[in-house]
Amino acid sequence: MADGGGLEIGLLGEFAASYHGVALDLGGPRQRAVLALLVLHRGQTVSAEHIIECLWQGEPPASAFASLQSYISHLRRRLEPEVAARSRSGVIARQARGYAVRLSADAVDAWRFEQLLAPAESGADPVRRLSEALQLWRGAALADYADQAWAQPEITRLEDLRSVARERLAAARVDRGEAAVMVGELEAMVAEAPLREERWRLLALALYRAHRQADALGALRRARQTFANELGVDPGPALRALEADVLAQSPALDARPAVSALTAVPEIVPADDAAADLVERDREVSQLRQALAQLRLGRSTRLLLEGPAGIGKTRLLEELGRQAQKCGVRVLAARASPLEQSFGYGVVRQLLEPAVTDGLLCGAAAPARAVFDLASEHGEGSLAVLHALYSVTAELAAETPLVLSVDNLQWADGPSLRYLAYLARRMAEMPAVVAATMRTGEADDLADLVAELAFDTDAVVLRPQPLSEEATRQLVARAFGRAAAPLFVAACHRTTSGNPLLLRQLVQALVAADVKPDAAHTHAVLAVGSRAVSSQVLLRLRRMPEECRRVARCVAVLGDAAKMPHVAALVGLSEPETAAAIATLTRAEVLRDEDPLGFVHPIVAEAVYRDVPSAERGLDHERAAALLNERGAGAEEVAAHLLLAPTRGGQVTVDVLCAAARKATDRGATDNAVTYLRRALDEPPESAARPMVLLELGKQETLVDGRAGIERLMAAYQHATDPDAQVRIATAIAQTQVFTSEPGAAVAFAREATKRLPPGSDDARDGLVALLRIGGIVQSVDPALWRDPDVAEPTGSGVGAQMLRATLAWEAVLEGRDRDRAVRLGREAVQDERLWQADTGLLWCVAAAARMYADDDLGDFWLRSRTAAHARGSLFAVLSVNQWEGMWRWRRGELAEATALIREAQEQDRMWGGSGVGLAYSYGALVAIELDRGAVADARQLIDAAPPALHGDGARLLGLAAARVLLAEGRYADALAAVEQVADPVGIANPAWNPWRRLRAAALSGLGRTGEALPLLEEEVALLRGWGAPSSLGLSLTELGVVNRRHETLAEAVAVLESSDGAHLLSRARLALGEHPDTPHGEAVALLRDALDGAVACGAQGVAERACEALRLLGQHAADVPAWEPRPTATQQRVAALAECGMDIAQIAQALFLTPQTVHAALDGLAEEGVR
Amino acid sequence: MRPPTSAPVTTGSAPTPAAAASLRGLCGGAVHLPGDPGYDMARSPWNLQIQHHPAAVAYPATPAEVAEVLRAARRAGLRVVPQGTGHGAAPLDGHLGDAVLLRTAGLSELDVDVERRCARVGAGVLWGDLAEAAGRHGLVGLHPSSPDVGVVGYSISGGIGWYARRFGLQCQAITAVEVVLADGSVVRASAETEPELFWGLRGSGMPLGVVTALEFELFPLETVVAGFLVWEWTLVERVLPAWAEWAVDAPEAATTSFRLVEAPNMNHIPAELRGRRLLVIDGAVLGSDTAAAEIIAPLRALQPEFDTVARVPAPSLVRLHLDPEGPTPAYASSRLLRGLPDSAITAVIGAVGPGSGSRLDVAEFRQLGGALRRADPRAALASLDGEFLALSLALGDDAAEWGRLRDDAGRLLSALEPWTTGREYLPMLDDPTDTRKAFPPDVHARLATLRAAVDPDRLFVGQHLMPQQPTP
């Protein structure tokens, strides 16, 4: 039997159904009625005839049976959205003669109502139980079927039960000592149904217990009169007995339990009392519920609660947490604060620390160990950490649905924001809710990241509005325990503008000052209410005992989550004294009543904090830092205080800050490391330590802001006296300058640095020369400035020598003459993988690129690189691998895979925050790939969106890409002009890397100037024959064959490409050859079929379409234009390979640095496509 | 409306909104300027007849904030009017355009020192609050007839309460005053420190500074015999002379009032009396039940229709008079009377009695004498001479009726002109009055000198009109 799992059907009101809180559309009135009818029969079979009889009131049309069947099938689909069609019979079951519903007792409100009514339910507080039962009612039972004969009996029965429930509730409350306050309600109930004896009895009893004997007897007289008038009978025995008892003042009439006056206050608070202070937040709360309902369906939601301080964002976030916990969802919460803004991954730690276990932090998640201070080795951080944290989150969500809640996102540290942004883009299928509050008008330099979270169209943004005067009235009455004078309420509302925090603080202040909520005290409201929250709190604090003020101040200085013993030590009070002061502050709603210590609201914290004169604040932070250091707190926790303490030139401070910077670096919190190091520099450090601080700072700064980093490194370079340090600094500078400085700067610097090298430092020299030369190439600098034709091949085996080999390999590619040399140097450069130690992406990838353009087999180079990059945890390394592996896959015709990788690189480039040099490469490649796929419009969009590159080799690549788009658009004259505009100061001879001739020829040919085109193409073919890489030569031959229309040229192209990896190039060549009139029919058909298959496999839809067309012209009917279908990507294949080895999903995910979800998705995709 | 007899601070130019804007942000934000959402509510005093339009309204909560407001007002060329509830705001009507209304509701400290039998209250504390707090310890203050009157304003300008004939004026119970002077200095005035200022603050009602807190004596009274006696008002010719005669000779233990009143149709009035025109004698009698009964026996002999006089908890006396609570439109005027001989009573009946056509809400006579007559030279208001205080009180929110009510109020006091003492009791006068009428000439001169010393630039606006003394 299906329990409905989330299905809820409502009879107590209008007929309705919902699934996990989301209302279901049940269709038209008859279709709805079918379900209502079945539910009314409570699981008993209802014959189809009877249903039809009811639905059409005895006048069924001929099609009634068919209609009924379709109603049933529609209903099943709507009631069981997640169940496959064939198995949808759980809720509405087909029985021999008809249908029956299969629902758990909880699924139908009326059934639950009756359960709650059952007196057997012992133990439970009857008032609560009956209130809950009555709260299930939304209106008259089955209101929309009130006129239907088939619904009448059940409506009558349910309404009668409702009356009984109300009477029982009234009785329970009278019993509980609320007699006096129940009188009014009972009067109303009597008026409503004057012939229900029980109501009269309760009314009289309540009056008697409220010490109104005469009124009690009066009520009994009225009852007697009513019964006589209406029915001509006497009241029943219960009323008669009561009358006798009242007259006798029988002790039996006394209320059973003696209750205090306090509990006798009428219960205006609904049963769900924690939500009672949420006034006028129905819309928001329903959105929260919606998010949780989605969560139960395995869907994610991002919620952003936005608004001014005090509007109730935090309260809503807490409500989300509360409701989530109620339904078994795990809640991980964090609260950002200004103090911890420089504490890298502070928010992430708060969020995940309670949940992470050692077992969770392995494999792909291992780099996250650094975030939780569990790692012993140092790494570079960033992407690996982000990815690891993402894996951790995904793992946790796979265990239990998650709510990740972040309060005060505007104060979150940069790395944590990056994590949230990273997560946000990858959580579509993760059962998680990410909810955050953000104060409007406070986003600062992290605005972009925050915006990424906020303004994504998928995010649900809630903006709670100010409270109305009516809501104010309710809240004031609740706080004072009685109604307030209208003038008093108006003043409360007017002075707080309906801001709930202001109002709460105001009311708290007024209650604390024992102000009566009457008209005479209106000006007390104005006096307090028009104060900002901050001054309200400060005023209240000022009136509290000295020790409370000092404790508040220390909590403010130590920041949220301050530990009580630390507070005590900082205040200089004993722990019991401190605890007492904390209790007082909690009662006064200054501190919040929960662990860990913290203020009720950030505004309050700020107010207390700002109230301390800034000089004293600095000293407080200094003392806090010393205290925390002494008590073994983490370097970063101590550093957060040191950042706010005065500078004193203390080497201990510098050491702590440097240690904190290392920690931050380990967890990839580069911006925080920079902050710590800058502060360490200001301290200032002892002069001997200064260059190393500068070097560290420079290296970190280059990761977030290359130019700033260069300046810092330059300073370090100037201060450094140790030759080793000088070389390290110089290398770092030159390396950074390649991507950040004005053209030529890297070259000039490296040249100068080489001159300063002491004799004997050959390897260092090799390294600098490598950077000098690669800088010249990448930045397109006049070769006279960097190309020393006599440079010798390095002989050493140091890192510098490897760098130089990589550079020389690339130079060999550019020259395009000696392919063997390029391959040899490229292989040598990477053979011992030592290049990784010095260089995380640049020259390592240059060496690979050299081999790639020489058509050397790279083997598993990329897999190893990827593994190393992840292990190293360098974002720059990962993005380099993605970029160049993408280029590699492009050359192999794996167009979809190539696009995916390069796009990933692009995203990472932005994340890296570099100068965007890499973007020119990635856009250039993406445009060309789109064109290879035949997606001209997409290519146009990309090239238009590409950031302008003004100089360097990237600018050349972009320029050529722009020309390619124009060619594809048939704008030959523009294309010709575009090609001619592309500058090549370096003089790249090899058409494999600089195919300008081919593009120019294509433009000329398009313009009908074949005569000018042909020599260019012939020249290119000749050059490439000299170079000898088959894929480049084959491509060039194809172009030539298309223009010179010679069969043998195209035949050669096909032959050459058949020996290459360039699958898409081969397809294109086969297409051209197949279309050639000299190709015999049978051969042509075979070629075109191969071209079609190959193009489809590559995702080159343009070629595929043309092949189809050509086949049709040859009278081939079999070939329809196939829609492009995604083929298993390399990722999927790797997953499949490991799966075949018997590894489970978690193991595969760890081995390949993927998330379990991605592995799942990959396997699902493979299964769908029938790939084993 | 009235000739300005006191010269304002000379500032050279008229205050502009920009001048007041410099106050914004003071008092933690509790400053309301014209156009602000809270301004209308903030500027309205207890007496809804009055329409102040001050340049700004500020709600300081500490003496330091008061000083800030004073300094800012001075810089902006504005004057300052300290105001608690605004019960006595009427004489200032329409003259606050160049002034900052400094409302003291935020100064809410309230401490009862049971040992020393004294209280320290902030200027925002109302008598109802004090009565309750002191009553918890069996103590009473010399409170007025209504709980929503502010302690400070009432105390520093006199204060006739239900124990006045035994314990004197409330101003004489003051033991120390915390006051912020015009120059922003915070001063504690007592018999020991700043004795001259202390003297001036005890009953003069002069604007000598902003009183932020007051310390005064409390009296150990847990219960007291109190209540009211009621007659149909047509019996005025029999009851009023009898009360007047009794009042003059009654022991100091008794303090009462006699009212010709139309009982309002309101919840706090006993149902039987609502809407009727009545004679009401109410008040308190100290001493044992027997002694009290003996004292009021002559009044009971007049066979009141309604008699609630009984031993009651002392704090309840703050509501004995059944004055309207909360903001109310009102007009009050008063005269001190040498006595109420038959001829005066005839004049009263002619002015407001049955057949007079008067619609005056309250015509009241407060029983004076006793301790009120004994001079306390350490208080600016040393004593109240006279047997009775005659009081006209018009209430109501019917604008059309207002002129008539004021006429009726004036008619009673004019009729009593022959029996007045020639002195005025300023707190019960809603019309601006020359302060010289309230004090003997030497006392007034001394006050003028004091004021010139503590507020030479006349930063503060006085409720009543004090002619500038020629500089000596």
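Residues numbered from 1 in each chain as written. Chains lettered and ligands numbered in written order. Predicted model: local features only at pLDDT ≥ 70, side-chain atom pairs only at ≥ 80, totals over all residues. Heavy atoms only, no water.

Trainee: Hey, could you run me through the sheet that holds strand 4 (residues 99–103) of chain B in this one?
Mentor: Residue and element names in this part refer to chain B. What the 4 strands build is an open sheet, ordered 1-2-4-3; its pairing is mixed. In the strand order of this sheet, the two ends are held by strand 1 (31–32) and strand 3 (79–83), each with one partner. Of the pairings in the sheet, the one linking strand 3 to strand 4 comprises 5 bridges and is parallel in character. Note that in strand 4 the partner of valine 81 across the bridge is leucine 101. (Pairing = 2+ DSSP bridges. Helix = DSSP H or I, 4+ residues; strand = E, 2+ residues; numbered from the N terminus.)

Trainee: What is the right way to read the interface of chain B and chain A from this model?
Mentor: Many structure descriptions define interface size as the accessible area lost when the parts assemble. Counting residues at the interface gives 26 residues for chain B, matched by 19 residues for chain A. For the pairing of chain B and chain A, the buried interface totals around 1,800 Å² over both sides, and the portion due to carbon and sulfur atoms is 57%. Of all residues in chain B, Gly28, Met41 and Tyr59 of chain B bury the most surface against chain A, accounting for 28% of the area lost on that side. Summed over the shared surface of chain B and chain A, the result is 3 salt bridges. In this structure, aspartate 129 of chain B and lysine 516 of chain A form a salt bridge, with 4.0 Å as the shortest nitrogen-oxygen distance. The interface formed by chain B and chain A includes 14 residue pairs in polar contact (both at pLDDT 80 or more). Mapped by element, the contributors of at least two residues to the side of chain B that touches chain A are helix 2 (39–43) and helix 4 (127–135) of chain B. Looking at side-chain class alone, the side of chain B that touches chain A contains 11 nonpolar, 9 polar and 6 charged residues. (Contact = heavy atoms within 4.5 Å. Buried area = accessible area lost by both parts, 1.4 Å probe. Salt bridge = Lys/Arg side-chain N within 4 Å of Asp/Glu carboxyl O. Polar contact = N/O pair within 3.5 Å; in protein donor to acceptor, adjacent residues only side chain to side chain. Nonpolar A, V, L, I, M, F, W, Y, C, P; charged D, E, K, R; others polar.)

Trainee: It is not clear to me how the side chain of aspartate 856 of chain A should be interpreted in this structure. Could you clarify?
Mentor: Structurally, the position occupied by aspartate 856 of chain A is in the loop between helix 38 (842–853) and helix 39 (861–872). Apart from the residues within four sequence positions on either side, aspartate 856 of chain A is in contact with Val823, Arg827 and Arg851 of chain A.

Trainee: What exactly am I supposed to notice about the environment of glycine 1008 of chain A here?
Mentor: Residue and element names in this part refer to chain A. Along the chain, the position of glycine 1008 falls in the loop between helix 46 (996–1006) and helix 47 (1010–1027). The class of glycine 1008 is exposed, set by a relative accessible area of 56%. Each C-alpha atom of the pair glycine 1008 and tyrosine 972 lies 9.7 Å from the other, and the pair is 36 residues apart in sequence. (Buried < 20%, exposed > 50% of the residue type's maximum accessible area, 1.4 Å probe, protein only.)

Trainee: Please clarify how helix 10 (residues 237–248) of chain A should be interpreted in this entry.
Mentor: Think of an α-helix as 3.6 residues a turn; residues three or four steps apart then line up on the same face. Residue and element names in this part refer to chain A. With 12 residues, helix 10 ought to run about 16 Å at 1.5 Å a step, and its terminal C-alpha atoms sit 16 Å apart, in line with that. Where helix 10 is concerned, the buried positions are Leu239, Leu242, Glu243 and Val246. In a view along the axis of helix 10, the buried residues occupy a sector of 100°, so they form one face of it. When the buried face of helix 10 is taken as reference, the exposed residues oriented beyond 90 degrees from it are Pro237 and Ala248. In this structure, the buried residues of helix 10 make contact with helix 8 (197–209) and helix 9 (213–231). (Expected span 1.5 Å × (residues − 1). Arc of directions from axis to C-beta.)

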